[in-house]
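Coordinates in review
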Amino acid sequence: MTAEQAVKALISYGIRTGLIEKADSHWAANSIYHLIGIEPESDFDPAGGEEAELEDILAVLLDDAAARGRIDSGIASRDLFDTEIMGCLTPRPSEVQRTFNRLYEESPEKATDYFYKLSGDSDYIRRYRIRKDIKWTAKTAYGDLDITINLSKPEKDPKAIAAALTKKQNSYPKCLLCRENEGYAGRLDHPARENLRLIPLTLDGEDWYLQYSPYVYYNEHCIVFSGKHVPMKISRATFARLLEFITRFSHYTVGSNADLPIVGGSILTHEHFQGGNYIFPMARAGIRESLSFKGFEDIEAGIVDWSMSVIRLTGSDPDRIIELADRILTSWRGYSDASCGILAETDGTPHNTITPIARRRGERFELDLVLRNNRTTEEYPLGIYHPHNEYHHIKKENIGLIEVMGLAVLPARLKGEMELLEKTILEGKSVRSEASLEAHADWADEILRAHPEFAPAALAGLEDKTEIAAALDRVIKDEIGIVFSNVLENCGVFKDTEEGAEGFRRFASQVL
């Protein structure tokens, strides 16, 4: 496919997906030609382009631009350039908002279906990269957990996330979540956003915006963010906004990361929520023990049967849920219980906060309050309620909202490491003979002790290892799920023991 053929194919793609109409063909083609720096032939006609995959079309245009010196061949430059190309096809914000609002009048689902499709068709969500992510479910003591090895987004260092809170914000846009990103051309250290579109919302009387995550860890993974560049803060207003959002989009779950380092998400500098059309494992968990809060007998409350410490509030009146949630938050902010290792603050530094998640159950509202604490010690310098050292070979990063709900987002390095681990075991070699697997060696020894069918002696003489390879792959995936379950238990402030249960009851009994 030549560059000219790629332009025609891209115009055909735009018409086919509804990004543009046939009447837009010459305008869109001329915009793309100007951008890539090529003058079309005198008899050029944008009609009749072949039907091809978007990734293949863009690859032709990018390779051509790199060959002519228009861009360099690095991934960052290629991403900046293909986003600029797709910006030529993406409808203007006002048009997108009008369509969304018109469809919302028919049903919220139609509106979000349209907006989600647009975000993929415009290549803001790079579907061809998302498809490479590895996903499975693993059985654990807390039910099936969802596991994904993320191949489309780099890992974030916990210390770098904390440092960002004190860094002077003097760039434009100030961060990846500022509304000024819509249409921004980007730079090598900031992704292009010409194909990003936002839907304005009003939540609790303030301007907020809806978009989709470009990484899509689950179905319709959306981000809802404040129009102001203000740090994360869990408060009564947070609960009000979450419940207002699910009032308007009852088919979505929505939650907020906590507002403190270690227990928060990857961006603490801009207030935002994450949600989507997805049932998370925690939502399927039942109530382990009922709770009662004086004066709120109309609200069903209980401790969720989950690896972390979660209070679930359910009722038909969102204002009553907000009031009780605010009282629980206020109590938790100042709560200490040395017998459980919980200190509300040390030397004036606060440690207690909440990760809240809201959803609808028919006409009823449900709000989960996950109790968090970010205290560190010499033994646990990254956090007492953070993945412990013995699990860092699988998960070292902060446990944020998505993981709290039971979906593990694991680093891309695991793909190659697990493939090598399986290969090493199947060849009857010692895992410790591979330097790159040293971090997994103790864990692998435990797996082999539990599964002697994978020992070198058991594998010796096997000519066809297809079935045993599939069984090993399944076992390793199950064991990764168990590690993730253990990580979530690390993050629970009240452990799943009788002593932990007593501590949880003590806290609940003193909520004012």
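The following refers to the structure shown. Only a predicted model underlies this, so the values are computations on that prediction, with no experimental measurement involved. (Residues numbered from 1 in each chain as written. Predicted model: local features only at pLDDT ≥ 70, side-chain atom pairs only at ≥ 80, totals over all residues. Heavy atoms only, no water.)

Evaluated as defined, the whole model comprises 42 salt bridges. Among the salt bridges present, the one from Arg-129 reaches Asp-79, with a minimum N-O distance of 2.7 Å. Placement of the pair is Arg-129 in helix α7 (residues 127-130) and Asp-79 in helix α4 (residues 75-87), with a sequence separation of 50 residues. Here Glu-419 and Lys-415 are joined by a salt bridge, their closest N and O atoms 3.0 Å apart. Separated by four residues within a single helix, Glu-419 and Lys-415 lie in helix α13 (residues 413-426), roughly one turn from each other. By relative accessible area, which is 32% here, Lys-415 ends up partly exposed. (Salt bridge = Lys/Arg side-chain N within 4 Å of Asp/Glu carboxyl O. Helix = DSSP H or I, 4+ residues; strand = E, 2+ residues; numbered from the N terminus. Buried < 20%, exposed > 50% of the residue type's maximum accessible area, 1.4 Å probe, protein only.)

With that out of the way, let us pick up the sheet that holds strand β14 (residues 364-373). Taken in spatial order, the ten strands line up as β3-β4-β5-β7-β6-β13-β14-β10-β9-β8 in an open sheet, and their pairing is antiparallel. The sheet terminates laterally at β3 (199-203) and β8 (287-291), the two strands that pair on one side only. Each strand axis lies, on average, 25° off the axis of its neighbour in the sheet, ignoring direction. Across the sheet, helix α9 (residues 236-248) lies against β3, β4 (206-212), β5 (222-226), β6 (253-255), β7 (272-276), β13 (352-361) and β14, angled at about 20° from β13, the strand it touches most. Packed onto the sheet, helix α17 (residues 498-509) meets β8, β9 (300-304), β10 (310-315) and β14 and runs at close to 50° relative to β10. (Pairing = 2+ DSSP bridges. Axes fitted to C-alpha atoms, helices over the stretch in contact; angles between N-to-C directions. Contact = heavy atoms within 4.5 Å.)

All right, on to the pairing of strand β15 (residues 407-410) then. A regular strand carries its side chains on alternate faces of the sheet. Both faces of β15 are covered, namely the face carrying Leu-407 and Val-409 and the face carrying Ala-408 and Leu-410. Note that strand β2 (residues 143-149) and β15 share four bridges and pair parallel. Each residue of the ladder has a partner; that of Asp-146, found in β15, is Leu-407.

For the rest of this paragraph, the subject is the packing of helix α1 (residues 3-17) against helix α3 (residues 54-67). As a packed pair, α1 and α3 sit with axes 9 Å apart at the nearest point and diverge in direction by 145°. As for how α1 packs across α3, the hand of that crossing is left-handed. From α1, Ala-3, Ala-6, Val-7, Ala-9, Leu-10 and Tyr-13 reach across to α3, where they touch Leu-54, Ile-57, Val-60, Leu-61 and Asp-64. Classifying every residue of the contact of α1 with α3 gives ten nonpolar, no polar and one charged. (Left-handed = near helix turned anticlockwise from the far one by under 90°. Nonpolar A, V, L, I, M, F, W, Y, C, P; charged D, E, K, R; others polar.)

With an omega of -15°, the peptide bond running from Tyr-172 to Pro-173 counts as cis. Counting through the fold element by element, Pro-173 comes out in the loop between α8 (158-164) and β3. For Val-216, which is not a glycine, the phi torsion comes out positive at approximately 45°. You can call Val-216 buried: its relative accessible area is 6%.

Between α1 and helix α2 (residues 25-36), the least distance of the axes is 10 Å, while the angle of their chain directions is 135°. By the angle between their directions, the pair α1 and α2 is classed as oblique. Seen along the crossing, α1 lies across α2 with a hand that is right-handed. Residues Glu-4, Val-7, Leu-10, Ile-11 and Ile-15 of α1 pack against Ser-25, Ala-28, Ala-29, Ile-32, Tyr-33 and Ile-36 of α2. (Parallel < 35°, antiparallel > 145°, perpendicular 65-115°, else oblique.)

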